[in-house]
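The lines below spell out each chain.
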Amino acid sequence: MEEQVQKAARAPGKLVAVVEALIFVADEPITVKLLAEVLDEDRESVQSAVESLKDEYEARESGLQIREIAGGYHIATRTELHEDVRKFLKTRPSAKLSLASLETLAVIAYKQPVTVPEILEIRGVQSASAIKTLLEKRLIVTKGHKETVGRPMQYGTSKDFLIQFGLNDLSELPSIEDFEDLVT
Amino acid sequence: MDQEQEQFTFDFKTETAQIVAESRDELKLTLGEFAGPLDLLLYLIRREQANIFDIPIATITDEYLKYIRLMKKLDIAVAADFLVMAATLIEIKSKMLLPRDPAEVEGEEIDDPRRELVDRLLEYEKYKSAAQMLYERTTVEQAIFSRGPIDSDDNNAEINASVFDLLTVFQKIVARHKDEIQMEIHREEVTLADMLKDLKRRLGLSKELNVLSFFEEMHTRRELVTAFVAVLEIVRVEGVRLTQSKTFGDIILRMA
């Protein structure tokens, strides 16, 4: 019986290689679940293959890194190399969101699901255009109507939000109460 | 490396809006971006180095109104929310000027008219800090690059049949029908709406439809044109895909 298991599974080294290839070609962070399904392996083996791949990259100080984002794995260049990479790509860093949009996004991220009037209450200013921008950039999504007077639409952050802000999940955001210490 | 960046560049710590009064006669202004009235208010309180729990409401109100007048003078549209805050400030200021009600029982907690405003400012400031944190995260994320999308059937299916492919099919059919086209004038032409309805019905029945055979059913040039437009329209409006398995092959309309 043991032999059968051996047959079905790839050799550990082979598994690491194919996991690396799939993480590389995936457009979005790829989950262990999906990797296991595609490769027909159990999740534990895939998980340990990912871990050893990460370690390997670290150990040889690779120019690439395996990042854990939005519940999946993603391959990208190492942060420290940004100057040379930018020089080659001829891009400059630029803020993609206005101050108003960032503030609105912060309120939505921490208060979700949240309605437009609730955002207005906190920010003290209409946020309609900021919400439109965030929807267009797919950073937020609608989360159904709130069962209250007028049934206002509720908003929450999207998977793209996690990806663009390099978060594995929402719990990785610092607690909003932590910002209290910075106040005053 | 930081000069001349894109439109939205700001440093939360140093570059909050600044109203700089220069010497000489002219007033030089560096108008930064205030995210809202609470933002402006926080800025003014900090500039006055005032304690947020004990806001000198008269001074701050004056400063706030001065700023709004300045905005008006410079023809910057003052958002209604800024005016609402101005009214709130004036209300608080006048409440504080009023003598206390002598009938009030001594020792009873007297509500500070500034209390609600302070609470809102503190709450807002937390989210302002959170926005700063998000901003910092984006700058870190911008130092990390991943590869661009790889072509696959999934992200490229619709492009398989281009407008030119459609036109080629169209021309093929027109050529085939050349001899058959009759010179009578039909009054009762098929309308685009009818054609669309028919197309939708047939797609609903069979899920996919060969564009070539659909065009071939048409008898007149006019009908053909309408059918062609209907195909374009249904692809644009409905979730219908045009696919072509090989170059110059048949084009299939398929329900997405």
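Visitor: I would appreciate a short explanation of the overall build of chain B in the present structure.
Guide: Looking only at helices and strands, chain B features nine helices and three strands. Reading chain B from its N end, one meets helices and strands in the order α-α-α-α-α-α-α-β-α-α-β-β. Evaluated residue by residue, chain B yields a buried proportion of 36% over its 256 residues. If you take every contact in chain B between residues at least 6 apart in sequence, the share linking residues at least 24 apart comes to 62%. Per element, the accessible surface of chain B, about 16,700 Å² overall, is 52% carbon and sulfur.

Visitor: Looking at this model, I keep getting lost on the interface of chain B and chain A. Mind explaining?
Guide: Size of an interface, as often reported, equals the accessible area lost when the parts are brought together. Listed per partner, the contact involves 44 residues of chain B and 55 residues of chain A. A combined buried area of about 4,300 Å² lies between chain B and chain A, and 64% of that area is made up of carbon and sulfur atoms. By the criterion of area lost to chain A, the three top residues of chain B are K126, Y127 and F145 of chain B, representing 17% of everything that side buries. Our enumeration of links across chain B and chain A arrives at four salt bridges. The element contributing the most residues to the side of chain B that touches chain A is helix 4 (residues 115-141) of chain B, with 18 residues. Partitioned by chemical class, the residues of the side of chain B that touches chain A number 23 nonpolar, eight polar and 13 charged.

Visitor: So what exactly am I meant to see when it comes to the pattern of salt bridges here?
Guide: Opposite charge on two side chains permits pairing when their charged atoms draw close. Taken as a whole and judged by the stated rule, the model has 28 salt bridges over all chains. A salt bridge links R123 of chain A to E103 of chain A; the shortest N-O distance between them is 3.0 Å. Of the two residues, R123 of chain A is situated in helix 7 (residues 116-123) and E103 of chain A in helix 6 (residues 99-111); the sequence distance between them amounts to 20 residues. Of the residues examined, R123 of chain A reaches a relative accessible area of 1% and is grouped as buried. Residue E103 of chain A is classed as buried on the basis of its relative accessible area, which comes to 1%. Between D39 of chain B and K128 of chain B there is a salt bridge, with its nearest N and O atoms 2.9 Å apart. Placement of D39 of chain B in helix 1 (residues 37-47) and of K128 of chain B in helix 4 is noted, with a sequence separation of 89 residues between them. Here the two residues D39 of chain B and K128 of chain B agree in accessibility, since each one is buried.

Visitor: Quick question: what am I supposed to make of the side chain of E103 of chain A here?
Guide: A polar contact is formed between the side chain of E103 of chain A and the side chain of R123 of chain A, at a distance of 3.0 Å. Ignoring anything within four residues of it in the chain, the contact list for E103 of chain A reads R123 of chain A together with A35, D39, Y124, K128 and A131 of chain B.

Visitor: I'm lost on the pairing of strand 2 (residues 240-244) of chain B in this one. Help?
Guide: Within a regular strand, the side chains alternate between the two sheet faces. Counting buried residues in strand 2 of chain B gives four out of five residues, a clear majority hidden from the surface. Hairpin connection from strand 2 of chain B to strand 3 (residues 251-255) of chain B: six residues lie between these consecutive antiparallel strands, with F248 of chain B at a positive phi of about 65°.

What counts and what doesn't
Residues numbered from 1 in each chain as written. Chains lettered and ligands numbered in written order. Predicted model: local features only at pLDDT ≥ 70, side-chain atom pairs only at ≥ 80, totals over all residues. Heavy atoms only, no water. Helix = DSSP H or I, 4+ residues; strand = E, 2+ residues; numbered from the N terminus. Buried < 20%, exposed > 50% of the residue type's maximum accessible area, 1.4 Å probe, protein only. Contact = heavy atoms within 4.5 Å. Areas by Shrake-Rupley, 256 points an atom, 1.4 Å probe, with all protein chains shown as cover. Buried area = accessible area lost by both parts, 1.4 Å probe. Salt bridge = Lys/Arg side-chain N within 4 Å of Asp/Glu carboxyl O. Nonpolar A, V, L, I, M, F, W, Y, C, P; charged D, E, K, R; others polar. Polar contact = N/O pair within 3.5 Å; in protein donor to acceptor, adjacent residues only side chain to side chain. Pairing = 2+ DSSP bridges.

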